[in-house]
Amino acid sequence: MSDIIQLLPDSVANQIAAGEVVQRPASAVKELLENAIDAGAKQIKLIIKDAGRTLIQVIDDGCGMSDTDARLCFERHATSKIRSAHDLFVIRTMGFRGEALASIAAVAQVELKTKMRDNELGTSIVIEGSEIKEQSVCQCNNGTSIAVKNLFFNIPARRSFLKSNSIELKHIEEEFFRVALIHTDVAFSFYSNDKLIYQLESSNLHQRITGLFGNNYKQRLHPVEEQTEQVKIRGYVCKPEFSKKTRGEQYMFVNNRFIKNFYFNNAIEKAYADLLPEKTYPSFFINMEVDSSRIDVNIHPTKTEVKFLDEVIIYAVLRAAVKKTLGQYSLATEFEFDTVEGMDLNPAPAPKGYIPPAPTISVNPNFNPFESTSYKRGTTYSEPAYDKGNKWENFFEISNEKPEMSTYTVESNMEQETLFGTETTESDTTTHNTSTTIQVLNRYIVSTISSGLLVVDQQRAHERILYERFISRTGKECISQQIMFPIQCSFSAADAEIISEIMPELKDMGFEMNPLGNTVFVITAIPAEMNDGEVQNMLDEMVEDYKNSLMQKFNDKEQSIALSMAKQLAVKKGTKLKQEEMQNIIAQLFSCKIPNTSPFGKKTMIIMKDNELTEKFK
Ligand code: ADP
Ligand code: MG
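Attention here is on the structure that accompanies the text. The structure presented is a predicted model; accordingly, all values stated were derived computationally and were not measured.

## Examining the packing of aromatic side chains
(1) Moving on: One pass over the full model with this rule turns up 16 aromatic pairs.
(2) Moving on: Geometrically, the ring pair formed by Phe177 and Phe213 is edge-to-face, given 5.0 Å between the ring centres and 70° between the ring planes. In this pair, Phe177 is assigned in helix H6 (residues 165-180) and Phe213 in helix H7 (residues 205-213), connecting sequence segments 36 residues apart.
(3) Moving on: The exposure class of Phe177 is buried, given its relative accessible area of 4%.
(4) Moving on: Using a relative accessible area of 7% as the deciding quantity, one classes Phe213 as buried.

Okay, structure coming up:
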């Protein structure tokens, strides 16, 4: 039998390698930015078109390449960063595997222009699918410009796997953050579709964080610093109250390289212990300097996973360092004057052309001054079923559309069973015909119905009520409250884009807002259900939720915003409710279109029928 094994041609081998190194436009961005850093650049420009589908270009003012190197850099395993296996153990550069450019050139049309400082002329190379199409001498600036065009032009299947532009751009932005955050001595500019979205001067970590995430981060950061024999730690952690619902803002670096390390992330989260609200994660920006012979960065093609020889010690040091910071500063803030919420006596002058809106008054014609609780019956919310008798009990009789419910009628007996026997409560004598509810564990509302027992989860029920209220509000006249002193909310450039994108929906929900420059918005009215103290947090969270819904391909803006607001504004478990509030929740829940589940698809209530109860007592 004849031999059948052959060596693969380079172009095929490169395409296979590209599968690991270049998964999406963001991977190419990462590799090009890292090469520019390794070349000692002090200014890096990133230019993206169509979320990297048509163009990814990185221009740097680094060391540039010679004629021969310019050609060689596209060969696989061609690198200037290591010479021997021994060098693998003392890596200080971002790259070293010599496969990024070869991989990128295998799956795109690449144009390279590069010139070394001492040379008069530079080199220009065009390479497509690993094939050099053109090489010439050219006039160009010192440094290197690499333009990657039509990524995956020769692998249509890969191209069609790319997600929507907003998702791909989000991934690119993330890679940009990971490089820009830690290389603070380098100036960066980032253009997307000809629009400048980030302009970062060379600075320190604190300024870099605020440059990327927005000026409101100034008040959120606490410095962390620690040095032992094994590790030097420097960075910032966010105050516990600014923790996020996702782990999206956890940036850890080792020797200036972004890494993912759940073990160390856990060390930081442990340091926060019970300071964090439930199901939230702290934001942090931490760099660790470690002897490069005590780590191995060569365990993963994209090098975000790194092995540490001293990981147990580093874990302990990291946790202690963050704990120390949180201890020091949480005490200090008790005495700090609140500069965030306080009134700004020297507000920045409004830019030219900004016309402050005339104050307006919105009146709620249903307002009843004799109702004191926050849930006002029939004032802010009215559904036909509920309006009819203003009593949720009636719902059971009225509604035929909700088959599960319609068979129940609520008992209006005035006698409340307590642990101590039957007694007549205050409400019995004052408001007849009202079913009594009790709150259990500050979380469930329990009431009786003719066929048994009704238990409502207060938080989920309220989420449902608010969600339907917000969703039905869109496009119609909404109930908003003017705020006395307009609030300025600031965002990172990317988040500000999102706020602009969802602004029409926010306005439908009751916000009145106008942009002030690129990243600041002035809020003059908010939905009636909100407090003005929570506006910035609420909008931050809405942006976060909206980004997540984009990631999950769930792209209905209105729904995403209504969900986010309902989630944030609903009464939480653990909140003690008054009798009337509980009754209102039940009443309003049963006026909802889908009362049985929360907008997140969780059960809002359970009903225990007579026979089930009997069964339990057997
Ligand atoms: P690696 O970075 O792992 O060495 P790459 O394929 O990314 O591999 O790059 C190959 C080589 O090309 C690098 O080692 C470097 O010598 C050269 N190179 C790449 N990008 C640049 C740049 N922007 N400026 C100068 N040299 C570069
Ligand atoms: Mg590289």
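The structure having been displayed, the exposition proceeds.
## Topic: the pairing of strand S19 (residues 444-449)
(1) Moving on: In this structure, strand S18 (residues 437-440) lies alongside S19, joined through 4 bridges in antiparallel fashion. Looking across to S19, one finds that Gln439 is bridged to Ile445.
(2) Moving on: Counting the residues in the hairpin turn of S18 and S19 gives 3 residues, including Leu441, whose phi is positive at 55°.
(3) Moving on: As paired elements, S19 and strand S20 (residues 452-457) share 6 bridges and run antiparallel to each other. In the strand pairing of S20, Ser447 is matched with Leu454.
(4) Moving on: Linking S19 to S20, which pair antiparallel, is a turn of 2 residues.

## Observations regarding the sheet that holds strand S22 (residues 512-516)
(1) Moving on: Strand order in the open sheet made by the 3 strands is S21-S23-S22, with antiparallel pairing throughout. In this open sheet, the two strands that pair with only one neighbour each are strand S21 (480-490) and S22. Direction aside, the axes of adjacent strands within the sheet are offset by 15° on average.
(2) Moving on: Two strands pair when backbone bridges link them, and S21 and strand S23 (residues 520-527) are joined in this way by 7 bridges, in the antiparallel orientation.

## Examining helix H8 (residues 262-272)
(1) Moving on: Buried within H8 we find Phe264, Asn265, Ala267, Ile268, Glu269, Ala271 and Tyr272.
(2) Moving on: The N-terminus of H8 is capped by Asn261, whose side-chain oxygen sits 3.0 Å from the backbone nitrogen of Tyr263.

## A short note on the site of ligand 1
(1) Moving on: The full set close to ligand 1 counts 18 residues, and Asn35, Thr79, Ser80, Lys81 and Gly98 are the nearest of them.
(2) Moving on: The side chain of Asn35 places a nitrogen or oxygen atom 2.8 Å from an oxygen atom of ligand 1.
(3) Moving on: Considering ligand 1 on its own, with 530 Å² of exposed area, one finds that the protein chains cover 93% of that surface.
(4) Moving on: Taken together, the residues of the shell around ligand 1 break down into 7 nonpolar, 7 polar and 4 charged.

## Topic: the environment of Lys557
(1) Moving on: In this structure, Lys557 sits in helix H17 (residues 557-569).
(2) Moving on: Assessed through its relative accessible area of 24%, Lys557 is described here as partly exposed.
(3) Moving on: Considering only alpha carbons, one finds Lys557 and Leu506, 51 residues apart in sequence, at a separation of 9.6 Å.
(4) Moving on: Ignoring sequence-local partners within four residues, the contact set of Lys557 consists of Glu501, Ile502, Glu505 and Tyr546.
(5) Moving on: Within the local environment of Lys557, its side chain forms a polar contact with the backbone oxygen of Glu501, the two atoms lying 3.1 Å apart.

## Some remarks on the sheet that holds strand S1 (residues 43-49)
(1) Moving on: Ordered in space as S5-S4-S3-S6-S2-S1-S7-S8, the 8 strands form an open sheet in which the pairing is mixed. Only two strands of the sheet have a single partner each, and these edge strands are strand S5 (131-138) and strand S8 (195-200). Geometrically, the sheet is characterised by an average inter-axis angle of 10° between neighbouring strands, direction not taken into account.
(2) Moving on: Of the strand pairs in this sheet, strand S3 (residues 109-115) and strand S6 (residues 143-149) are connected by 7 bridges, and their pairing is antiparallel. When the bridges of S6 are listed, Val110 appears paired with Val148.
(3) Moving on: Along the sheet, H6 contacts S1, strand S7 (187-192) and S8; its crossing angle with S7, the most-contacted strand, is approximately 175°.

## Some remarks on the pairing of S23
(1) Moving on: Across the 8 residues that make up S23, a large majority, 8, are buried.
(2) Moving on: Across 5 bridges, the pairing between S22 and S23 is antiparallel. For Asn514, the partnering residue across the bridge sits in S23 and is Val522.
(3) Moving on: Hairpin connection between S22 and S23: a loop of 3 residues separates the two successive antiparallel strands, and Gly517 in this loop has a positive phi of roughly 75°.

## Looking at unusual backbone geometry
(1) Moving on: The backbone of Ala51 sits at a positive phi, close to 50°, despite the residue not being glycine.
(2) Moving on: Here Ala51 falls in the buried class, since its relative accessible area comes to 5%.
(3) Moving on: A positive phi angle, close to 70°, is found at Asn256, a residue other than glycine.
(4) Moving on: Turning to its location among the elements, Asn256 is positioned in the loop between strand S11 (250-254) and strand S12 (257-259).

## Some remarks on the packing of helix H15 (residues 493-509) against H17
(1) Moving on: In contact at an axis separation of 10 Å, H15 and H17 are set at 55° when each is read in the N-to-C sense. It follows from the interaxial angle that H15 and H17 lie oblique. The interaxial crossing formed by H15 with H17 has right-handed handedness. Note on element contacts: H17 touches H15 through Lys557, Glu558, Ile561, Ala562 and Met565, opposite Glu501, Ile502, Glu505, Leu506 and Met509.
(2) Moving on: For the contact of H15 with H17, a count of residues per class yields 6 nonpolar, no polar and 4 charged.

## Structural notes on the side chain of Thr437
(1) Moving on: Secondary-structure assignment places Thr437 in strand S18.
(2) Moving on: For Thr437, a relative accessible area of 1% corresponds to the buried category.
(3) Moving on: At 2.8 Å, the side chain of Thr437 and the side chain of Gln579 are in polar contact.
(4) Moving on: Filtering out sequence-adjacent residues up to four positions away, Thr437 remains in contact with Ile445, Val446, Ser447, Gln579, Met582, Gln583 and Ile586.

## Considering the pattern of salt bridges
(1) Moving on: Going through the model one piece at a time under the given rule, you end up with 28 salt bridges.
(2) Moving on: Here Arg97 and Glu99 are joined by a salt bridge, their closest N and O atoms 2.7 Å apart.
(3) Moving on: Taken together, the shared-partner salt bridges in this structure form one network comprising Lys245, Glu541, Asp545 and Lys567.

## Notes on a nonpolar patch on the surface
(1) Moving on: There is a patch of nonpolar side chains on the surface, built from Met1, Ile4 and Ile5 and spanning about 500 Å² of accessible area.
(2) Moving on: Its place among the elements puts Met1 in the segment before helix H1 (10-21).
(3) Moving on: A relative accessible area of 94% places Met1 in the exposed class.

## So, the packing of helix H2 (residues 25-38) against H6
(1) Moving on: Viewed as axis vectors pointing N to C, H2 and H6 meet at an angle of 20°, and their least axial separation amounts to 8 Å. Classified by the angle their axes make, H2 and H6 are roughly parallel. For the element pair H2 and H6, the recorded crossing hand is right-handed. Together, Pro25, Ala26, Val29, Lys30, Leu33, Glu34 and Ile37 of H2 and Glu168, His171, Ile172, Glu175, Phe176 and Val179 of H6 make up the contact between the two elements.
(2) Moving on: Here the residues of the contact of H2 with H6 sort into 8 nonpolar, 1 polar and 4 charged.

What counts and how
Residues numbered from 1 in each chain as written. Chains lettered and ligands numbered in written order. Predicted model: local features only at pLDDT ≥ 70, side-chain atom pairs only at ≥ 80, totals over all residues. Heavy atoms only, no water. Phe/Tyr/Trp six-rings, centres within 6.5 Å; stacked < 30°, edge-to-face > 60°. Helix = DSSP H or I, 4+ residues; strand = E, 2+ residues; numbered from the N terminus. Buried < 20%, exposed > 50% of the residue type's maximum accessible area, 1.4 Å probe, protein only. Pairing = 2+ DSSP bridges. Axes fitted to C-alpha atoms, helices over the stretch in contact; angles between N-to-C directions. Polar contact = N/O pair within 3.5 Å; in protein donor to acceptor, adjacent residues only side chain to side chain. Near = heavy atom within 4 Å. Areas by Shrake-Rupley, 256 points an atom, 1.4 Å probe, with all protein chains shown as cover. Nonpolar A, V, L, I, M, F, W, Y, C, P; charged D, E, K, R; others polar. Contact = heavy atoms within 4.5 Å. Parallel < 35°, antiparallel > 145°, perpendicular 65-115°, else oblique. Left-handed = near helix turned anticlockwise from the far one by under 90°. Salt bridge = Lys/Arg side-chain N within 4 Å of Asp/Glu carboxyl O. Patch = residues over 30% accessible without salt bridge, like charges linked within 9 Å, V, L, I, M, F, W, Y side chains within 5 Å.

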